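Fold and contact review
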Amino acid sequence: RCGLIAIVGRPNVGKSTLMNNILGQKISITSKKPQTTRHRILGIHTEDQEQVIYVDTPGLHKEEKRAINKLMNKAASSALGDVELVLFVVEAMKWHDDDEMVLNKIIRSKQPVVLLINKVDEIKHKEELMPFLQKVSAKHNFEQIIPISAEKGTNVQAIKDLVSDYL
Ligand code: GDP
Ligand code: MG
């Protein structure tokens, strides 16, 4: 079983950290270690019975004036083209216009999307997350909503397990 998974979100939500964490554990990596670039980054995660290619998008920018932003938008949008699942990453407690814009692009792509609420390690009391959860869950019919910490690895295994279901 194999498939393509897009990791999408506005800059700085933790997409690259998540991809590094997913790829960092008991895996063989065929590409070089993911780095921040202006292009799409592919990471290949191989386990016994499956191989998943993760596409870490360079972020979708609202500001399209500059040519480089246009190019980055194009790369990010094309990452949504033909994937098994979109992992839409947002930051806990912070919903920006850019998140809305990215979500609209994802919805237009008609791909199934899982909402990953990242950086929950920064929340002291987990019940503080509830109002945010309610707000964002109303925005789209997400396949699932998973609070994560890409940095600490919280729920990263749950993401891998979920991804398997879509291959
Ligand atoms: P990207 O632009 O979406 O690829 O975001 P990065 O992966 O580069 O992360 C942006 C910043 O958020 C970095 O300073 C990371 O260390 C930080 N970050 C990423 N994931 C987490 C997390 O789970 N918890 C916390 N506290 N910080 C995180
Ligand atoms: Mg990045």
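Residues numbered from 1 in each chain as written. Chains lettered and ligands numbered in written order. Predicted model: local features only at pLDDT ≥ 70, side-chain atom pairs only at ≥ 80, totals over all residues. Heavy atoms only, no water.

The chain has the name GTPase Era in an unreviewed UniProt entry, where Psychrosphaera saromensis is given as its organism. Comment text from UniProt for the chain, heading Sequence similarities (unreviewed entry), reads "Belongs to the TRAFAC class TrmE-Era-EngA-EngB-Septin-like GTPase superfamily. Era GTPase family." Word for word, the UniProt comment on the chain under Function (unreviewed entry) is "An essential GTPase that binds both GDP and GTP, with rapid nucleotide exchange. Plays a role in 16S rRNA processing and 30S ribosomal subunit biogenesis and possibly also in cell cycle regulation and energy metabolism." (UniProt positions renumbered as here; feature names shortened; annotations may be inferred.)

Scanning the chain from terminus to terminus reveals five helices and six strands. Its helices and strands taken in sequence order, the chain reads β-α-β-β-α-β-α-β-α-β-α from the N to the C terminus. When contacts within the chain are restricted to residue pairs at least 6 apart in sequence, long-range pairs at least 24 apart make up 69% of them. Put simply, the chain shows about 8,800 Å² of open surface, and 49% of that area lies on carbon and sulfur atoms. (Helix = DSSP H or I, 4+ residues; strand = E, 2+ residues; numbered from the N terminus. Contact = heavy atoms within 4.5 Å. Areas by Shrake-Rupley, 256 points an atom, 1.4 Å probe, with all protein chains shown as cover.)

To continue, consider the nonpolar core. Among soluble globular proteins, nonpolar side chains are generally buried collectively. Ranked by internal contacts, the top residues of the largest apolar core, which has 22 residues, are Phe-88, Ile-106 and Ile-117. Of all elements in the fold, only β1 (2-8), β4 (85-91), α3 (97-109), β5 (113-118) and α4 (130-137) reach the threshold of two or more residues within this core. Those residues in contact with Ile-117 that lie beyond four places of it in its chain are Val-90, Ala-92, Leu-129, Phe-132, Leu-133, Val-136, Ile-145, Ile-146, Pro-147 and Ile-148. Counting residues in each nonpolar core, the second largest holds 21 residues, with Leu-18, Leu-23, Tyr-54 and Ile-159 among its members. (Core = buried A, V, L, I, M, F, W, Y, C linked by side-chain atoms within 4.5 Å. Buried < 20%, exposed > 50% of the residue type's maximum accessible area, 1.4 Å probe, protein only.)

Time to look at the site of ligand 1. Lining the immediate environment of ligand 1, one finds 15 residues, of which Asn-12, Lys-15, Thr-17, Asp-121 and Glu-151 sit closest. One nitrogen or oxygen atom from the side chain of Ser-16 is found 2.9 Å from an oxygen atom belonging to ligand 1. Glu-151 has a polar side-chain atom sitting 2.7 Å from an oxygen atom of ligand 1. Considered on its own, ligand 1 offers 580 Å² of accessible surface; in the complex 74% of this is hidden by protein. Among the elements that line the shell around ligand 1, the one with the most residues is helix α1 (residues 15-24), at three residues. Looking at the shell around ligand 1, its residues break down into three nonpolar, six polar and six charged. (Near = heavy atom within 4 Å. Polar contact = N/O pair within 3.5 Å; in protein donor to acceptor, adjacent residues only side chain to side chain. Nonpolar A, V, L, I, M, F, W, Y, C, P; charged D, E, K, R; others polar.)

With that settled, the discussion passes to the pairing of β4. Each regular strand displays side chains that alternate between the two surfaces of the sheet. Buried residues dominate β4, accounting for seven of its seven residues. On β4, burial covers both faces: Leu-85, Leu-87, Val-89 and Glu-91 on one face and Val-86, Phe-88 and Val-90 on the other are all buried. Where β1 and β4 come together, four bridges link them in parallel fashion. For Ala-6, the partnering residue across the bridge sits in β4 and is Val-86. Here β4 pairs with β5 via six bridges, running parallel. (Pairing = 2+ DSSP bridges.)

Glancing now at unusual backbone geometry. One non-glycine residue, Met-93, lies in positive phi territory at about 75°. Along the chain, Met-93 turns up in the loop between β4 and α3. Judged by relative accessible area, which is 41%, Met-93 ranks as partly exposed. Non-glycine residue Asn-155 carries a positive phi angle of around 70°.

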